[in-house]
Protein chains: 2
Amino acid sequence: MPREHAHTVSSYEQELDRIRAMMARMGGIVENQMALAMAAIVDRDEDAAAGASECDPQVDALERDVEALAIRLLALRAPLAGDLREVVSALKITGDLERIGDCAASIARRSLRLDPADGRISLGGLRNMGRLVQENLRRAIDAMGQHDSERAVEVWQSDTVVDELYTAMFRELVTYMMEDPRTIRSCTHLLFIAKNLERIGDHATNIAERVYYAATGDLLPVVRPRGGAVV
Amino acid sequence: MPREHAHTVSSYEQELDRIRAMMARMGGIVENQMALAMAAIVDRDEDAAAGASECDPQVDALERDVEALAIRLLALRAPLAGDLREVVSALKITGDLERIGDCAASIARRSLRLDPADGRISLGGLRNMGRLVQENLRRAIDAMGQHDSERAVEVWQSDTVVDELYTAMFRELVTYMMEDPRTIRSCTHLLFIAKNLERIGDHATNIAERVYYAATGDLLPVVRPRGGAVV
């Protein structure tokens, strides 16, 4: 192989690896952001809440960096087939990761607005939902790092349970408010927190769909299994 | 110019034009979806609500079509500079348009769950907010079609007012619920409807940012003016 060619190939691989490393970092930050957001609600941990909000600029900057590098790679290296699908998927996945970060920051901000006197509101449902969404997010990010289409399918399938938990939470919170109107303010924040968790679950599913497509070149069925999050 | 070259250039332009036409169509559908969603709430129009939900598959299909065509264009034509930025921006903008469609469909679905007996809840605030968001969305889509960076800046700046209206709506709805707990179920749906409008405003702003970048190669400042939608 002529030296020039070897050099080009190696830079190409290095640039693709840099995009992968940035995506992994972005994934790690939003996973951490989500863990902090859950600690902010469940343990009423104000430092965790502040930490979750502070991650936002880093995530936004990484989204822009991935885009700049992707544009550079597309312009100078003209990747094809699987590599091209991976670069295009990266551009889409960063959008989902950025929104997961927004949702986590929103959960953290709202945790500060819950009335501590509302200790009577059970956070059990929210804790379960949060745990499942965290697990799905972790698996989606693993699948992304390992180009693992089978794991992507697992994530895609398990979002149904998240939707079911969300619907149950919605009903429970509305009942709380009706039974004791003093809980209304806290419950509206908890409603939005539950909605944000459900949305994080949706974004994890989107990431899984993208990983599957980048790895296989095929699309998952258009209609994914839904647990009926109609509210 | 040799015939072969002329042919290639023309196909290239045709493919770029096809992406532009698909984006314009996608923009038109979500604008219409949003108008139907507003009619569903403000006029309690059930046919409009059904219409807004029915647009979703079309929007999803167009997102996939734009992506397929973008990948084809990137692989076969290797666009550069402004054209490359436009293709990458199109990939990102379709994500925002698809989510605007989701928000509009969610508004429409919730409109069917409002208790008609809750006529005492004033929808004036929601109507104003909806009108402003519709106007911003229309301008963002116009800016996209015309690669108009000045109009994009206008959209970007006016989202502050949407955030302010949302915060006022949130407070108003919580007050309604506290004063008359019978309105709780309807008010929670109205809270989410207001949140969806605010999110549509955010997505319109994202589109404006993308249009500005594709047209100029520059980024708008990271921190956009905010009206304080902290709730």
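Looking at an unreviewed UniProt entry, one finds chain A named Phosphate-specific transport system accessory protein PhoU, with Gluconacetobacter azotocaptans as its source organism. We quote the UniProt Sequence similarities (unreviewed entry) comment for chain A here in full: "Belongs to the PhoU family." In its Subcellular location (unreviewed entry) section, the UniProt entry covering chain A states "Cytoplasm".

**Student:** Looking at this model, I keep getting lost on the relation of the copies chain A and chain B. Mind explaining?
**Tutor:** In this arrangement, two copies of a chain are superimposed by a rotation about an axis accompanied by a shift along the axis. Mapping chain A onto chain B calls for a rotation angle of 180° and an axial translation of 0.0 Å; the resulting RMSD is 0.0 Å. Viewed as a symmetry operation, the transformation between the two copies matches a two-fold axis. A share of 100% of interface residues in chain A that are also interface residues in chain B marks the association as one of identical surfaces.

**Student:** What should I look at first to understand the interface of chain A and chain B in this one?
**Tutor:** When the parts come together, some accessible area is lost, and that loss is often what is quoted as the size of the interface. With 40 residues of chain A at the contact, the number on the chain B side is 40 residues. For the pair chain A and chain B, the summed buried surface comes to about 3,800 Å²; carbon and sulfur atoms form 64% of the total. Ranking the residues of chain A by area buried against chain B places Lys92, Arg99 and Phe192 of chain A at the top, with a combined share of 15%. Where chain A meets chain B, there are six salt bridges. Residue Arg210 of chain A is joined to Glu67 of chain B by a salt bridge in which the shortest nitrogen-to-oxygen separation is 2.8 Å. On inspection of chain A and its partner chain B, the count reaches 10 residue pairs in polar contact (both at pLDDT 80 or more).

**Student:** Would you mind showing me how to read the pattern of salt bridges here?
**Tutor:** Opposite charge on two side chains lets them pair, provided their charged atoms get close. One pass over the structure, following the stated rule, counts 28 salt bridges over all chains. Asp142 of chain A is paired through a salt bridge with Arg138 of chain A; the nearest N and O atoms lie 3.1 Å apart. Taken together, the residues Asp142 of chain A and Arg138 of chain A, both in helix 5 (residues 124–146) and four residues apart, mark about one turn of the helix. We classify Arg138 of chain A as partly exposed; its relative accessible area is 32%. Residue Arg20 of chain B pairs with Asp17 of chain B through a salt bridge whose shortest N-O separation is 3.0 Å. Residue Arg20 of chain B and its partner Asp17 of chain B are both found in helix 1 (residues 3–42); the two are separated by three residues, about one turn of the helix. A residue is classified by how much of its surface remains accessible, and Arg20 of chain B, at 28% relative accessible area, is partly exposed. Connected through shared salt-bridge partners, Glu135, Arg138, Arg139, Asp142, Arg151 and Glu154 of chain A make up one network.

**Student:** Explanation requested: the packing of aromatic side chains in the structure shown.
**Tutor:** In this description, an aromatic ring pair is defined by two values, namely the gap between the centres and the angle between the planes. By the definition in use, this model includes five aromatic pairs over all chains. Taken together, a centroid distance of 6.3 Å and an interplanar angle of 40° make the contact between Phe170 of chain A and Phe192 of chain B tilted. In this pair, Phe170 of chain A is assigned in helix 6 (residues 149–179) and Phe192 of chain B in helix 7 (residues 184–216), connecting two distinct chains. Each member of the pair, Phe170 of chain A as well as Phe192 of chain B, is classed as buried. Taken together, a centroid distance of 4.8 Å and an interplanar angle of 50° make the contact between Phe192 of chain A and Phe192 of chain B tilted. With Phe192 of chain A in helix 7 (residues 184–216) and Phe192 of chain B in helix 7, this residue pair bridges two chains.

**Student:** Which parts of the structure should I look at to understand the state of the cysteines?
**Tutor:** Defined simply, a disulfide is a covalent bond joining two cysteines at their sulfur atoms. Using the criterion set out here, one finds zero disulfides over all chains in the structure. Counting only cysteine sulfurs, Cys187 of chain B is the nearest neighbor of Cys187 of chain A, a cysteine outside any disulfide, at a range of 14 Å. For Cys187 of chain A, a relative accessible area of 0% gives the class buried.

**Student:** Looking at this structure, how should I read the packing of helix 3 (residues 56–77) of chain B against helix 4 (residues 81–111) of chain B?
**Tutor:** Helix packing for two helices is described by the angle between their axes and how far apart those axes are. Residues and elements named next belong to chain B. Contact geometry for helix 3 and helix 4: axes closest at 10 Å, N-to-C directions at 170°. It follows that helix 3 is roughly antiparallel to helix 4 by the angle criterion. Residues Asp56, Val59, Asp60, Glu63, Val66, Glu67, Ala70, Leu73 and Leu74 of helix 3 lie in contact with helix 4, whose contacting residues are Leu84, Val87, Ala90, Leu91, Thr94, Gly95, Leu97, Glu98, Gly101, Asp102 and Ala105. The residue inventory of the contact of helix 3 with helix 4, partitioned by class, reads 11 nonpolar, three polar and six charged.

**Student:** Got a minute to help me understand the UniProt feature "domain: PhoU" (unreviewed entry) in chain A in this structure?
**Tutor:** Residue and element names in this part refer to chain A. UniProt's entry tags residues 24–110 and 126–211 with the feature "domain: PhoU" (unreviewed entry), counted in the numbering of this structure. The annotated region residues 24–110 carries 92% helix and 0% strand content, and the separation between its end C-alpha atoms amounts to 28 Å. Regarding residues 126–211, the helix share stands at 93% and the strand share at 0%, and the terminal C-alpha atoms are separated by 28 Å.

**Student:** Is there a simple way to explain helix 2 (residues 46–54) of chain A in this structure?
**Tutor:** Helical geometry: 3.6 residues make up each α-helical turn, so side chains three or four residues apart lie on a common side. Residue and element names in this part refer to chain A. Three or more residues of helix 2 are buried, namely Ala48, Ala49, Gly51 and Ala52. Down the axis of helix 2, the buried side of the element spans an arc of 160°, and every buried residue falls inside it. Looking at helix 2, the residues exposed on the side facing more than 90 degrees away from the buried face are Glu46, Asp47 and Glu54. Regarding helix 2, its N-cap is Asp45, as a side-chain oxygen of that residue lies 3.0 Å from the backbone nitrogen of Asp47 further along.

Cut-offs and rules
- Residues numbered from 1 in each chain as written.
- Chains lettered and ligands numbered in written order.
- Predicted model: local features only at pLDDT ≥ 70, side-chain atom pairs only at ≥ 80, totals over all residues.
- Heavy atoms only, no water.
- UniProt positions renumbered as here; feature names shortened; annotations may be inferred.
- Least-squares fit on C-alpha atoms with pLDDT ≥ 70 in both.
- Contact = heavy atoms within 4.5 Å.
- Buried area = accessible area lost by both parts, 1.4 Å probe.
- Salt bridge = Lys/Arg side-chain N within 4 Å of Asp/Glu carboxyl O.
- Polar contact = N/O pair within 3.5 Å; in protein donor to acceptor, adjacent residues only side chain to side chain.
- Helix = DSSP H or I, 4+ residues; strand = E, 2+ residues; numbered from the N terminus.
- Buried < 20%, exposed > 50% of the residue type's maximum accessible area, 1.4 Å probe, protein only.
- Phe/Tyr/Trp six-rings, centres within 6.5 Å; stacked < 30°, edge-to-face > 60°.
- Disulfide = S-S within 2.5 Å.
- Axes fitted to C-alpha atoms, helices over the stretch in contact; angles between N-to-C directions.
- Parallel < 35°, antiparallel > 145°, perpendicular 65-115°, else oblique.
- Nonpolar A, V, L, I, M, F, W, Y, C, P; charged D, E, K, R; others polar.
- Arc of directions from axis to C-beta.

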